[in-house]
Amino acid sequence: MTFSIAAVDHATGEIGVAVESKYLAVGSIVPFARADVGVITTQFFANPRFGNLGLDLLEDGVTPEEVIERLLFADEHRVRRQLAVLSADGTVASYTGARSR
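Residues numbered from 1 in each chain as written. Predicted model: local features only at pLDDT ≥ 70, side-chain atom pairs only at ≥ 80, totals over all residues. Heavy atoms only, no water.

S.K.: Describe the pattern of salt bridges, and please don't skip the residues or the numbers.
M.R.: Across all of its chains, the model carries 4 salt bridges by this definition. With a shortest N-O distance of 2.9 Å, Asp56 and Arg34 are connected by a salt bridge. In this pair, Asp56 is assigned in helix H1 (residues 49-59) and Arg34 in strand E3 (residues 31-34), connecting sequence segments 22 residues apart. With relative accessibility at 36%, the residue Asp56 sits in the partly exposed group. Note on Arg34: relative accessible area 22%, which makes it partly exposed. We note a salt bridge from Arg70 to Glu66, for which the minimum N-O separation is 3.1 Å. Here Arg70 and its partner Glu66 are both found in helix H2 (residues 64-72), 4 residues apart, which amounts to about one turn of the helix. (Salt bridge = Lys/Arg side-chain N within 4 Å of Asp/Glu carboxyl O. Helix = DSSP H or I, 4+ residues; strand = E, 2+ residues; numbered from the N terminus. Buried < 20%, exposed > 50% of the residue type's maximum accessible area, 1.4 Å probe, protein only.)

S.K.: Before we move on, could you go through the side chain of Gln82 and cite the residues and values that matter?
M.R.: Mapped onto the fold, Gln82 is located in strand E5 (residues 81-87). A residue is classified by how much of its surface remains accessible, and Gln82, at 19% relative accessible area, is buried. Excluding anything up to four places from it in sequence, Gln82 contacts Thr41, Thr42, Gln43, Phe44, Tyr95, Thr96 and Ser100. (Contact = heavy atoms within 4.5 Å.)

S.K.: I'd like a description of the packing of H1 against H2, backed by residues and values.
M.R.: Close contact between H1 and H2 brings their axes to 10 Å; oriented N to C, the two are set at 135°. Between H1 and H2, the angle is such that the two are oblique. Judged by the sense of rotation from one axis to the other, the crossing of H1 with H2 is right-handed. Of H2, the residues touching H1 (which contributes Phe50, Leu53, Gly54, Leu57 and Leu58) are Pro64, Val67, Arg70, Leu71 and Leu72. By residue class, the composition of the contact of H1 with H2 is 8 nonpolar, 1 polar and 1 charged. (Axes fitted to C-alpha atoms, helices over the stretch in contact; angles between N-to-C directions. Parallel < 35°, antiparallel > 145°, perpendicular 65-115°, else oblique. Left-handed = near helix turned anticlockwise from the far one by under 90°. Nonpolar A, V, L, I, M, F, W, Y, C, P; charged D, E, K, R; others polar.)

S.K.: Give a description of the environment of Glu66 that names residues and reports values.
M.R.: Of the residues examined, Glu66 reaches a relative accessible area of 27% and is grouped as partly exposed. The spatial distance from the C-alpha of Glu66 to the C-alpha of Ala93 is 8.8 Å, given a sequence separation of 27 residues.

S.K.: Lay out H2 in plain terms, naming residues and giving numbers.
M.R.: What H2 keeps buried is the set Pro64, Val67, Ile68, Leu71 and Leu72. In a view along the axis of H2, the buried residues occupy a sector of 115°, so they form one face of it. (Arc of directions from axis to C-beta.)

S.K.: Go over the sheet that holds strand E6 (residues 92-96) with me, naming the residues and quoting the values.
M.R.: Strands pair in a sheet through their backbones, by hydrogen bonds, and they do so in one of two ways: parallel or antiparallel. Taken in spatial order, the 4 strands of this open sheet run E3-E4-E5-E6, and their pairing is antiparallel. Whereas interior strands pair on both sides, the edge strands pair on one side only; in this sheet they are E3 and E6. Strand-to-strand twist of the sheet, defined as the mean angle between neighbouring strand axes without regard to direction, takes the value 5°. Looking at chain direction, E5 and E6 are connected through 5 bridges and run antiparallel. (Pairing = 2+ DSSP bridges.)

As far as function goes, none of this settles anything; it's purely spatial.
Written out as structure tokens, the structure is:
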């Protein structure tokens, strides 16, 4: 199993993300963060390309919910994905595909 946690401290503006898993080097695949932008986590059937693509969308002002919709739109494996998006303003969205466990 893999667990992720992400948070924004509104008092300081700090953004953080952490991940725990039985898989080695999971930190290079699941969590993505960018200062003053937000956090993306992609797990279960992870797609690491979603990290920077999603952060670019957030940086362009796209909402977390729309980021998920755009990332998954043409994804043939969307039913196996788990994603979470947290923007620097604290807005959050998540997705768990029907075949992810």
